[in-house]
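A look at the structure
If you want the building blocks of each chain, they are given just below.
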Amino acid sequence: MSPSVTSASSIVRIVVAGGNYAGLNAMQHLYSSLLAVDPKAATNQRPNVEITLIDRRDGFIHCIGLTRGLTEPEFGADLWVPYSTVPWLQHPSIRIVSGTVTEMTPDKVHLSNGDSYGFDYLLVALGLSRFAPIGLRSSTKAEYVEEIAESYAKIHAAQSVAIVGGGAVGLELAADIKSDFPEKQVTLIHSRSLPVPGPFKDEFRNIVVDIMQDIGVDLVLGERVIAQTPESGDMSYDRTLKSSPEPELVGTMSTNAELTLASGRVIRADLAIRCLGTLDKRRVLQLPLASDVFGADGIAVKDTMQIDSEHYSNIYACGDICSRALVKLAGVGMYGAYIAARNISRAVLGLEKLEEGIRYPSQLMLLLGKDHFALQLGDEIWEKERTREHVHKDMGLLKCVEVMSLHKEPEYVSLD
Ligand SMILES: Cc1cc2nc3c(=O)[nH]c(=O)nc-3n(C[C@H](O)[C@H](O)[C@H](O)COP(=O)(O)OP(=O)(O)OC[C@H]3O[C@@H](n4cnc5c(N)ncnc54)[C@H](O)[C@@H]3O)c2cc1C
């Protein structure tokens, strides 16, 4: 199903569903190749396109800084950059729609308010879902500032905090809480004997254990939580029902909690926060001829970032929603978005050959409080001082703002 290339009279409709690291970076590159003015051209003739960005939020959120955003709400507020402050998003050929996507069919994107948007090209960049407080229910910056203030108040009031789950998010949250509130008792419980699930070396995991102990986080490893009172919302969440609320509306924080471990040990904490992974968005994608395109790890995509189905060559996916990389990362999503946007632009401009992206090795950089970090890139574990050169005080916010041109006009890029 491939739409014909633009003619002078027909408008080509591009829909980008999801406007964070992947979707917004795609918007930037669509802008560069389809809307930006070519300074060398005699006339400013650009293709006749309408680019629609749909997101349930009204801005970009720098998720990488979120754990610290919960312990330092003033820093947290800066993490949200409203689309209305991004100059080039105001271009007349760009339409920004605030709404929740409920279904994507072969030619339309449907929203919860009943509206639908037809497309010639679709880029799916809806990410993954997380339960609150890391998953955010807010749709505006004002709501978000209130939301993180609520979470902060709970963290601030607790003398003891138990984090359940020793993945990247649990580790970073425990480290940020302990670093900002050294007087609190912070315990991290993880079911395996070492933290950091995924394709990483035990040597790396042991470095992380040492760092967490240096910071003063009490690690309880190889222990599974089998019961918790009071339960938090995610514990009874039905992951199969279509009618389940969005995970972001379901909390994982529980005050005055009692956690029973498989060994029989009981841990009491003023506040428990469960950081136990992500949920995918398979329920939104309804493509009858590609029902198998959603694998265990997300939407299967080709190196061109088209979904891996011969029937829908005009549908692309990038970022956490797709199965592009073993470790889901903002940078992987942004790179995939760059390839997808260039390929959609190539198709719109009638350029035959699509580009293929390369796959980068898995990596993980953990930011554990302000002074500790650990990085494994591919098989290599980096030295602390070498890693430090890549660590930013603002957890990479400004770098992201710059790379995605959120404060400046993206330059014209020719794809010829
Ligand atoms: C605490 C934390 C720390 C992290 N640290 C790092 C790090 O150090 N380095 C790194 O590279 N990565 C890190 N990540 C991972 C990184 O944030 C993700 O890989 C990245 O967010 C993926 O980008 P994305 O655009 O695919 O998805 P998202 O950033 O999740 O964006 C999805 C967008 O789609 C919108 N959306 C979703 N569903 C709907 C819907 N139904 N309707 C309308 N809009 C919708 C959302 O509002 C959002 O704007 C971290 C993540 C967290 C939570």
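If you're wondering where the values come from, they're calculated on a predicted model, not measured in any experiment.

Running from amino to carboxyl end, helix α5 (residues 168-180) crosses helix α6 (residues 202-215) at an angle of 25°, the nearest separation of the two axes being 10 Å. On the basis of the axis angle, α5 is roughly parallel to α6. The interaxial crossing formed by α5 with α6 has left-handed handedness. In contact with L171, A174, A175, K178 and S179 of α5, α6 contributes V208, M212 and I215. Looking at the contact of α5 with α6, its residues break down into six nonpolar, one polar and one charged.

Let us now look at the side chain of Q376. Positionally, Q376 belongs in strand β20 (residues 372-377). Within the local environment of Q376, its side chain forms a polar contact with the backbone nitrogen of K201, the two atoms lying 2.9 Å apart. A distance of 2.9 Å separates the side chain of Q376 from the backbone oxygen of G378, its partner in a polar contact. Not counting residues up to four positions away in its chain, the partners in contact with Q376 are P199, F200, K201, F204, S362, Q363, L364 and I381.

A word on the domain arrangement of the protein chain. Interfaces are often described in size by the accessible area the parts lose on coming together. We note that the domain assignment places domain 1 (12-128 + 280-361 + 393-403) and domain 2 (157-274) within the protein chain. Each of domain 1 and domain 2 was reduced to a C-alpha centroid, and the two centroids are 31 Å apart. Of the residues lining the interface, 13 residues belong to domain 1; the matching set on domain 2 comes to 16 residues. Counting each side, the surface lost to burial between domain 1 and domain 2 is near 1,100 Å², with a carbon and sulfur contribution of 49%. On the domain 1 side of the contact with domain 2, T67, T71 and R283 bury the most area, a combined 52% of that side's loss. Here domain 1 is connected to domain 2 by two salt bridges. The shortest N-O distance in the salt bridge between R68 and D176 comes to 2.9 Å. At the junction of domain 1 and domain 2, the tally comes to three residue pairs in polar contact (both at pLDDT 80 or more).

Cut-offs used in this document
Residues numbered from 1 in each chain as written. Predicted model: local features only at pLDDT ≥ 70, side-chain atom pairs only at ≥ 80, totals over all residues. Heavy atoms only, no water. Axes fitted to C-alpha atoms, helices over the stretch in contact; angles between N-to-C directions. Helix = DSSP H or I, 4+ residues; strand = E, 2+ residues; numbered from the N terminus. Parallel < 35°, antiparallel > 145°, perpendicular 65-115°, else oblique. Left-handed = near helix turned anticlockwise from the far one by under 90°. Contact = heavy atoms within 4.5 Å. Nonpolar A, V, L, I, M, F, W, Y, C, P; charged D, E, K, R; others polar. Polar contact = N/O pair within 3.5 Å; in protein donor to acceptor, adjacent residues only side chain to side chain. Domains from an automatic or database assignment. Buried area = accessible area lost by both parts, 1.4 Å probe. Salt bridge = Lys/Arg side-chain N within 4 Å of Asp/Glu carboxyl O.

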